[in-house]
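Here's the letter readout for the chains.
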Amino acid sequence: MATKKEEVARLTDGFHLVIDALKLNNIKTIYNVPGIPITDLGRYMQAAGMRVLSFRHEQNAGYAAAIAGFLTKKPGICLTVSAPGFLNGLTALAHATTNCFPMILISGSSEREIVDLQQGDYEEMDQLAIARPLCKAAYRVLNAEDIGIGIARAIRASVSGRPGGVYLDLPAKLFAQVMDSDVGESSLVKVVDAAPRQLPAPDAIDRALDVLKEAKRPLIILGKGAAYSQADDAIRELIEKSGVPYLAMSMAKGLLPDTHPQSAGAARSLVLKESDVVMLIGARLNWLLSHGKGKSWGDKPKQFIHIDIEPREMDSNVEIVAPVVGDIGSCVESLLGGIASIEWTPPSAAWTKLIKDKVESNIIRMASRLQNNNIPMDYHGALGSLRTVIKERPETILVNEGANTLDFARSIIDMYQPRKRLDVGTWGVMGVGMGTAIAAAVETGNPVLAIEGDSAFGFSGMEIETICRYNLPICVVVFNNGGIYRGTDVNPTGDKDVATTVFVKEARYDKMMEAFGGVGVNVSSPDELSRAVNAAIDSAKPTLVNAVIDEAAGTESGRIGNLNPQSVVGKN
Ligand code: OXT
Ligand code: ADP
Ligand code: MG
């Protein structure tokens, strides 16, 4: 007869089945905040050799998981406790879905029987119902023998087709369910070809090439879907073989170096207005591209060729004359094949010269402003020095959030390698900074430079303890202008409360980093800033540089002030 010990050794449970299912699918990094009912799950995961990174707030763990998904093409995993922890993670899940990043939010939950009768369980909440409208798919597993299938479904849903966020609900009871380990093992599923290639139809490729070759002023727009697809070589070849000028959306910068002769980045307004045919590769015609509305060159409305994996994206804002539905790698390869088989004429010299002249004049205009060594610094002086840091260290991952801090950095700092610029994404959300920086360091091992507005930093600032705890090679630069947008607003009533956009004057964010054993530096000139950041990257030590910026520099809402509604009755 088997002893009690031998009998237990033949058993597995919900905790271990979750771990085995994730490991079987090569998922080994978890971003989490521990607590009931998942504390032991985190412990067992760590004991099983997984990397379990604990954050100070689930939203930041969620943003980390979301960007891990973008960087790796595998779902980033965020693990939270029930109701409040789940809700904290939910913003990040919705952000992942909005940005088309694969992520799985796994939350423990309370007992179904009590939740459904609303009898007041510990952290009672119908989490599955709440998550469903905010993600691509939502599943709950009630029985341990379904854990393998549940995790397989979540993985496939997150990465196949248009990537996005998936919610997986694991009730507390599930973890302690016991079963024979052989049966448990055979219930696990290794997902085969989680994101199958989706080949475009040949006639869609022919149609796209017909439109493109007739263009007098063609333009290619690369979006973050193109960066995500990791079809870097094919995309470069398409741009160079076709000779078509291109514009990189923010997180697609660096797919080809921003200094590439065909980059129209520094002539953005011109090419958007003056082009007649635009080929979108992994970019949506949303607010960031004025919904595709606006002027075209010539008599006809602008024509769009749209490459995307999601068929419903076509015609979402304007007519798409040549939809190309498929994965970007396959679509771009097919276009290259098509170009090779026809007589391809590159765009006219008149068009490329028009762009080149505008690029050159904008670059010259900007260059003089970048040289200044003003104290206190303005955005150009400070970013001019950081632009050189990235030029000399192109493998550095740049994380960027804020309003002016974001908008100026996007145009001033050239990127040279793919997936090195990570920012606020489609929603323009503040608070992604520290979670993004942590995941970027963890997933790639590269140095990370996070350029943060002082308001933006505040949304996730406590995670600098996490950065120090894991000793990550992250240098955070806080652009400290004492406020949201600017630090100069005054309360019109003259009351003792400061204006709504103003923070404590002369705050020292560097001291926060010192409190956790990291390096804090206070700088007031571009030269000092450059020295501090280079030293931080060389040392690979967690560092926070408090960069004092003129509180009067910058504008309300950065470059999107036009989106602020105006009062018809005027100001008080
Ligand atoms: O073509 P033209 O001639 O026009 O020139 C363009 C380029 O061609 C040229 N350019 C170049 N010139 C020379 N050389 C080079 N290399 C070069 N490259 C480009 O430069 C110009 C500009 O180029 P750009 O930027 O490409 O073009 P443009 O026209 O600006 O692009 C349009 C957009 C829409 C694509 C672009 O503007 C964009 O991507 N915008 C994103 C904006 C965004 O997402 N903003 C964040 C949200 S703002 C607001 O919502 C904030 N909040 C509210 C809040 C949020 N967001 N979230 C949450 C959870 N709660 C609240 C808050 C609280 S921001 C904020 C905090 C702000 O305060 P901070 O202290 O953090 O920050 P500071 O403002 O710094 O104080
Ligand atoms: P940006 O903000 O940079 O303009 P968007 O987030 O608007 O980019 O667009 C990204 C698009 O890329 C989405 O419509 C998404 O469906 C698409 N996409 C993501 N991955 C792929 C892929 N591998 N193949 C094709 N399209 C993809
Ligand atoms: Mg600010």
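Coordinates for the structure precede this section.
Residues numbered from 1 in each chain as written. Chains lettered and ligands numbered in written order. Predicted model: local features only at pLDDT ≥ 70, side-chain atom pairs only at ≥ 80, totals over all residues. Heavy atoms only, no water.

**Q** What am I meant to see in the overall build of the chain here?
**A** Along the backbone of the chain there are 23 helices and 19 strands. By the compact-globule yardstick of 25 Å for 572 residues, the chain fits well, its C-alpha radius of gyration being 25 Å. C-alpha atoms of the chain, sized along the principal axes, occupy 90 × 65 × 55 Å. Restricting the contact set of the chain to residue pairs at least 6 apart, pairs at least 24 apart contribute 77%. For the chain, the exposed area adds up to about 24,600 Å²; of that, 53% sits on carbon and sulfur atoms. Here the chain holds 58 positive side-chain charges and 66 negative ones, and the gap between their average locations is 4 Å. (Helix = DSSP H or I, 4+ residues; strand = E, 2+ residues; numbered from the N terminus. Rg over C-alpha atoms; globule rule 2.2 N^0.38 Å. Contact = heavy atoms within 4.5 Å. Areas by Shrake-Rupley, 256 points an atom, 1.4 Å probe, with all protein chains shown as cover. Lys, Arg positive; Asp, Glu negative; His and termini not counted. Charge placed at Lys NZ, Arg CZ, Asp CG, Glu CD.)

**Q** Help me understand helix H23 (residues 526-539), please; the structure alone is not making it clear to me.
**A** If you check H23, its first and last C-alpha atoms are 20 Å apart, about what 14 residues at 1.5 Å a residue would give, namely 20 Å. All buried positions along H23 are accounted for by Pro 526, Leu 529, Ala 532, Val 533, Asn 534, Ala 536 and Ile 537. Looking at the buried residues of H23, the elements they touch are helix H17 (379-392), strand S16 (448-453), strand S17 (474-480), strand S18 (519-523) and strand S19 (543-548). Directly beyond the C-terminal end of H23, a positive phi value near 60° is found at Ala 540. (Expected span 1.5 Å × (residues − 1). Buried < 20%, exposed > 50% of the residue type's maximum accessible area, 1.4 Å probe, protein only.)

**Q** Before we go on, may I ask you to explain the pairing of strand S14 (residues 397-401) in this structure?
**A** Every other side chain in a regular strand lies on the same face of the sheet, so the side chains alternate between the two faces. The buried fraction of S14 is high, at five of five residues. Judged by which residues are buried, S14 turns out to be covered on both faces: Ile 397, Val 399 and Glu 401 on one side and Leu 398 and Asn 400 on the other are all buried. By the bridge criterion, five bridges tie S14 to S16 in an arrangement that is parallel. When the bridges of S16 are listed, Val 399 appears paired with Ala 450. As defined by bridge partners, S14 adjoins strand S15 (residues 421-423) across three bridges and the pair is classed as parallel. Paired with Val 399 across the strands is Leu 422, a residue of S15. (Pairing = 2+ DSSP bridges.)

**Q** Looking at this structure, I do not really get a positive patch on the surface. What am I missing?
**A** A cluster of basic side chains, namely Lys 273, Lys 295, Lys 358, Arg 365 and Arg 369, defines a positive patch on the protein surface. Among the elements that take part in the positive patch, helix H16 (residues 349-370) stands out by supplying three residues, more than any other. By secondary structure assignment, the location of Lys 295 is in the loop between strand S11 (277-281) and strand S12 (303-308). (Patch = residues over 30% accessible without salt bridge, like charges linked within 9 Å, V, L, I, M, F, W, Y side chains within 5 Å. Salt bridge = Lys/Arg side-chain N within 4 Å of Asp/Glu carboxyl O.)

**Q** Just to check I follow, could you spell out the coordination of the magnesium ion (ligand 3) for this structure?
**A** When a metal holds four donors in a tetrahedron, each ideal angle between them is 109.5 degrees; when it holds six in an octahedron, the ideal angles are 90 or 180 degrees. Distances from the magnesium ion (ligand 3) to its protein donors, Asp 454 (OD), Asn 481 (OD1) and Gly 483 (O), fall within 2.1 to 2.2 Å. As a motif over one chain, the donors of the magnesium ion (ligand 3) read D-x26-N-x1-G. Among the residues examined, Gly 483 registers a relative accessible area of 2% and is labelled buried. (Donors = N, O, S within 2.8 Å, 3.2 Å for Na, K, Ca; no water.)

**Q** Would you mind showing me how to read the nonpolar core here?
**A** The tendency in soluble globular proteins is for nonpolar side chains to be buried as a group. In terms of nonpolar packing, the biggest core is built from 131 residues, with Tyr 31, Met 45, Leu 222, Ile 235 and Ile 281 touching the most fellow members. Considering each element in turn, this core owes the most residues, nine residues, to helix H4 (residues 58-72). The residues contacting Ile 235, other than those within four sequence positions of it, are Leu 222, Ala 226, Ser 229, Leu 255, Leu 256, Ile 328 and Val 332. Counting 28 residues, the second-largest nonpolar core is a separate cluster that includes Cys 475, Ala 536, Ile 537 and Ala 547. (Core = buried A, V, L, I, M, F, W, Y, C linked by side-chain atoms within 4.5 Å.)

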